[in-house]
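Structure assessment
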Amino acid sequence: MSILIRNISKRFGDFVALDDVSLEVDGGSLTALLGPSGSGKSTLLRIIAGLEIPDSGEIVLSGRDATALAPQKRNVGFVFQHYAPFKHMTVRENVAFGLKVRKRPKAEIAQRVEELLNLVQLQGFGHRYPAQLSGGQRQRMALARALAPEPQVLLLDEPFGALDARVRAELREWLMHLHDVVNVTTVFVTHDREEAMEVSDQIAVMNRGALEQVGAPRALYDEPATDFVMRFVGDANEVAGVLVRPHDLDLLPEPADDALEAMIVKATFLGRDVKVDLHGSDGSEVIAVLTRDRYEALGLWRGQTVWIRPERDRAFA
Amino acid sequence: MVIVGLPLAALMWKATSDGTQSFWDAATSPEAIAALKLTLATAVLVALLNAVLGTVTAWVLVRDNFHGKAVVNAIIDLPFALPTIVAGLTILALYGPRSPVGIDVTYTRTAIVLAMMFVTLPFVVRTVQPVLEELEVEVEEAARSLGAGPLTTFRRVIFPNIFPGILSGMALAFAKAVGEFGALVIITGNLPFKTEVASVYIFSRIESGDSTAAAAVAVELLLISFAALLSIGAIRHLATRHERA
Amino acid sequence: MHSARLDRLGLRFLALAYLAVILVGPLAIVFWRTFEHGLAPAWNALSQPDTIHAFKLTLIITAIAVPVNTVFGIVCALAIVRRSFPGKGLLNAFIDLPLALSPVVVGLSLFLLYGRQGWFGGWLDDHGIQVLFALPAMVIATIFVSLPFVAREVVPTLREIGDEQEQAAYTLGAGGWQTFWRITLPSIRWAVIYGVILTTARCLGEYGAVAVVSGRLQGQTETATLRVQERYESYDFAGAYAISIVLATLAILVLVALTVLRPKEGTS
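Residues numbered from 1 in each chain as written. Chains lettered and ligands numbered in written order. Predicted model: local features only at pLDDT ≥ 70, side-chain atom pairs only at ≥ 80, totals over all residues.

A few points about the overall build of chain B
Scanning chain B from N- to C-terminus turns up 12 helices and 0 strands. The order of α-helices and β-strands along chain B, N terminus first, is α-α-α-α-α-α-α-α-α-α-α-α. Scored against the burial criterion, the 245 residues of chain B give a buried share of 47%. In chain B, the proportion of contacts linking residues at least 24 apart, taken out of those at least 6 apart, comes to 78%. (Helix = DSSP H or I, 4+ residues; strand = E, 2+ residues; numbered from the N terminus. Buried ≥ 20, exposed ≤ 12 C-beta atoms within 10 Å, placed from the backbone. Contact = placed C-beta atoms within 7 Å.)

Overview of the interface of chain C and chain A
With 14 residues of chain C at the interface, the matching set in chain A holds 19 residues. For the side of chain C that touches chain A, the secondary structure elements donating two or more residues are α9 (164-171) and α10 (176-187) of chain C. Take the side of chain C that touches chain A: its biggest share by element is 6 residues, from α9(C). Along the lines of polarity and charge, the residues of the side of chain C that touches chain A split into 6 nonpolar, 7 polar and 1 charged. (Nonpolar A, V, L, I, M, F, W, Y, C, P; charged D, E, K, R; others polar.)

Details of the packing of helix α3 (residues 49-82) of chain C against helix α7 (residues 135-145) of chain C
All names here are of chain C. In the contact formed by α3 and α7, the axes pass within 9 Å of each other and the chain directions differ by 45°. Taken together, the axis directions place α3 and α7 in an arrangement best described as oblique. In this structure, α3 crosses over α7, and the sense of that crossing is right-handed. In contact with Ile-61, Ile-64, Ala-65, Val-68 and Asn-69 of α3, α7 contributes Met-138, Val-139, Thr-142 and Ile-143. Here the contact of α3 with α7 is built from residues that sort into 7 nonpolar, 2 polar and no charged. (Axes fitted to C-alpha atoms, helices over the stretch in contact; angles between N-to-C directions. Parallel < 35°, antiparallel > 145°, perpendicular 65-115°, else oblique. Left-handed = near helix turned anticlockwise from the far one by under 90°.)

Things to note about the interface of chain C and chain B
Between chain C and chain B, the contact holds 58 residues from the first and 56 residues from the second. Contributions of two or more residues to the side of chain C that touches chain B are made by α1 (2-35), α4 (88-100), α5 (103-114), α7, α11 (189-205), α12 (208-214), α13 (224-233) and α14 (237-267) of chain C. For the side of chain C that touches chain B, the residue count by class is 44 nonpolar, 10 polar and 4 charged.

Quick notes on the sheet that holds strand β16 (residues 285-291) of chain A
Residue and element names in this part refer to chain A. If you trace the 5 strands from one edge of the open sheet to the other, you get β13-β17-β14-β15-β16, paired in antiparallel fashion. Unpaired on one side and paired on the other, β13 (249-252) and β16 mark the two borders of the sheet. The mean angle between the axes of side-by-side strands here comes to 45°, regardless of whether they run parallel or antiparallel. Of the pairings in the sheet, the one linking strand β14 (residues 260-270) to strand β17 (residues 305-310) comprises 4 bridges and is antiparallel in character. Each residue of the ladder has a partner; that of Ala-262, found in β17, is Val-306. (Pairing = 2+ DSSP bridges.)

Overview of the nonpolar core
In this structure, B:Ala115, B:Phe118, B:Ile202, C:Leu108 and C:Ala141 are the most contacted members of the largest nonpolar core, which totals 149 residues. In terms of residue count, the dominant contributor to this core is helix α7 (residues 109-134) of chain B (13 residues). Shared between two domains, this core takes at least three residues from each, and those domains are domain 1 (1-36) and domain 2 (46-267) of chain C. In terms of nonpolar packing, the next biggest core, distinct from the first, is built from 88 residues, A:Val25, A:Leu45, A:Ala96 and A:Met141 among them. (Core = buried A, V, L, I, M, F, W, Y, C linked by C-beta atoms within 7 Å. Domains from an automatic or database assignment.)

Some remarks on the environment of B:Val56
Within the secondary structure, B:Val56 sits in helix α3 (residues 30-63). Counting along the chain gives 185 residues from B:Val56 to B:Arg241, while the straight-line C-alpha distance between them is 25 Å. Setting aside anything within four residues of it in sequence, one finds B:Val56 in contact with C:Leu11, C:Leu14 and C:Ala15.

Overview of the pairing of strand β10 (residues 210-215) of chain A
Residue and element names in this part refer to chain A. With 5 bridges joining them, strand β9 (residues 202-207) and β10 adopt antiparallel strand pairing. Bridging from a neighbouring strand, Met-206 pairs with Leu-211 of β10. Between β9 and β10, which follow one another and run antiparallel, lie 2 residues, and Arg-208 among them has a positive phi close to 50°.

Observations concerning the arrangement of the chains
There are 2 pairs of chains in contact here; the most contacts are made by chains B and C. Kept free of each other, chain A and chain B leave a smallest C-alpha distance of 24 Å between them.

With respect to the confidence of the model for chain C
Predicted confidence across chain C gives a mean pLDDT of 84, with 92% of residues reaching 70 or more. The complex prediction reports pTM at 0.79, with the ipTM value standing at 0.82. (pLDDT = per-residue confidence, 0-100.)

Side note on the packing of helix α3 (residues 91-101) of chain A against helix α5 (residues 135-147) of chain A
Residue and element names in this part refer to chain A. Two elements in contact, α3 and α5, have axes separated by 6 Å at closest approach and are oriented at 30°. With respect to each other, α3 and α5 are oriented roughly parallel. Read as a crossing pair, α3 and α5 show a hand that is right-handed. Across the interface between the two elements, Val-91, Asn-94, Val-95, Phe-97 and Gly-98 of α3 pack against Met-141, Ala-144 and Arg-145 of α5. Looking at side-chain class alone, the contact of α3 with α5 contains 5 nonpolar, 2 polar and 1 charged residues.

Examining the sheet that holds strand β4 (residues 56-61) of chain A
Residues and elements named next belong to chain A. As summarised here, the arrangement of the 4 strands in space is β2-β1-β4-β5, forming an open sheet in which the pairing is antiparallel. The open sheet has two edge strands with one neighbour each: β2 (15-25) and β5 (64-65). Note: strand β1 (residues 3-12) against β4, 5 bridges, orientation antiparallel. The residue of β4 that forms the bridge with Ser-9 is Ser-56. Sheet contacts for helix α1 (residues 41-49): β1, β2 and β4; angle to β1, the most-contacted strand, approximately 120°.

Observations regarding the domain arrangement of chain C
Residue and element names in this part refer to chain C. The domain architecture assigned to chain C consists of domain 1 (1-36) and domain 2 (46-267). Domain 1 puts 5 residues into the contact, and the matching count from domain 2 is 5 residues. Taken together, the residues that form the side of domain 1 that touches domain 2 break down as 3 nonpolar, 1 polar and 1 charged.

Quick notes on the pairing of β9(A)
Residue and element names in this part refer to chain A. Counting buried positions along β9 gives 5 out of 6 residues, so the element sits mostly inside the fold. The pairing of strand β3 (residues 30-34) with β9 spans 4 bridges and is classified as parallel. In the sheet register, Leu-33 faces β9, and the bridge partner there is Ala-204.

Concerning the environment of A:Val274
Within the secondary structure, A:Val274 sits in strand β15 (residues 273-280). Once the C-alpha coordinates of A:Val274 and A:Tyr295 are considered, the two residues, 21 residues apart in sequence, prove to be 7.1 Å apart.

Given below as structure tokens:
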């Protein structure tokens, strides 16, 4: 159930998709590959699945070297961004496909399909065709289909990318719940940091074909290893050459050491917090977020000049 | 590859195997030249007629509405499905010796044109239709609302869009007409210098055992087709400049 | 607008007149002439042994050519859309070539290849294999001219579908062949059917190429289309018309099938 990625490199023509990437995924965990477009995350996922062959490096699945193994033999479930449904088959036939191909007895197939349809809450939809399902339903079908042959690894390529925000949020919850129940090693690709933070046990942040940092969501947020991770995993300001989170900025009514003079341009009430837009004397635009209590305690107003300073132990230099 | 490439290669070889002089003689014999001229002239005429009538037909099929339109739309494809020899026979039935309307075009050049029109009927219609369908009515309406009369709208808005389609259809029609055999073999009487087209001439040379002459003229026919297709392609390329970034 | 309505009627009239003069009129006359004197003459004409043989021959050739071209078309389409290899553009062009060639030229090139003085002629002669003026040449000629249709229909459909479904099948454990049968083929089935119908129509109707390579020996190497011409030139007009009617009816059936299938083929 574990995945070992060792020194994987891959180019497409002149384009370097992956540059010496190594990663360990523990059995049973939920890992996110997070990064912008072109970072190589989908390529890496496909290499794990066997849909692409790396130029160099190894993939070890549960202790076995799977680098040159065909996708058919790897026993990985793959869920595509656009679901790749078998359009000419019903939902039931789609889900049963992996089992049919392995020549399992009919009764076993029927039972497993029912089980899965219940799991993904598509019971009663078995006879429908993919075209008759909504986007969210199609994705659940794709998941059921991938899980049917009991894969040792489940891979999802931007699984919720093609869905609208509300459905995306629902399915996110649902994926986490599913993972608790089925407990198969899961790796999914996303460019949405909230999604990665909310769903996964560990996040691997990728940029331009290389791994920037791997760790639990909190570790990435609190202790980013690079500039890129800091900016990608949360909001960040650059104040006096140092990256600071909006929450970690101190607003002082009087000048202080290492503090930047800035003018309050706008204050927006966001429920419990207040977002303050500031224009720094060095020309920079800074965003600070304070709790409402703090904001009111400071008695700040628009147009006021304040001095901003990172809370010392929270900055990243 | 084997099926298509080899025979053509053999053709080329045979055409030139007896030497250039013999090729030239065969290629420029008076009968051959007459046949080629006739073929070229009629095919060009037919392509132009198709351009006009085919466009009109496509227009009516897309923009007009009347009972039985679906049937008419389906009939257009008939020349694709009908054997060419039968096409020739049907033209003959209406416009031949026992014509019920008293028109007899057998052994005339008109017969050639009629038969070619029959077999090339669908081409321009089918290449223009999808373009017209895609061209939203709203584009025309916008032009009208800006003050353009129907003729101007056609000339400046519609025509530039369907022009490439017309050209493609013409190219296909030309290629088919130039090589047409079955539809012409009965109806034209194949009179040398009068109603003998290139394909029939080639056939007669084969039957007489003069395969070199046949090959020579076949090569010429191929060259003509090739040249025509290239030029139409070039015009098309120029006409669609605006569609490329 | 009054003038707009006249314009439209005028155009409609022009189009319909065009179709009537060139297409419908002549066809109607053929039907009329065939049955002018009742069913009997037509039936007699069709029951002549040589005519029956001609139909049989046409059917045999079609029965061979269509499956061959179907397999070939699907294989080529898969190669063109899913793989890259040197000479791919050439393959694409070659597939379209038969459409642009005159049937007589096709026949001639085959003649030159398999005839006694042709490239293969000597070898074939030595081994007592007759290709020209016999069934093999006619089949080859028919295959040549009806080559493109299945491939041309399948290629755009394959392109549009993309290969994600196939990738999904691989990850689910399906091998290459299984994937092809269960996933790829069903997803292109309408395009294939449409292409098969077009190929069949072409095979049934082929004249020029087969005329050159067959030698047109009555009762032996005459197809239905060749027979039409033979009957006409023997002044057996009833016979010629009767055979034509059968072929025309087949063509109309093909048209109906195409019309019915076209929306399915388009959406797939």
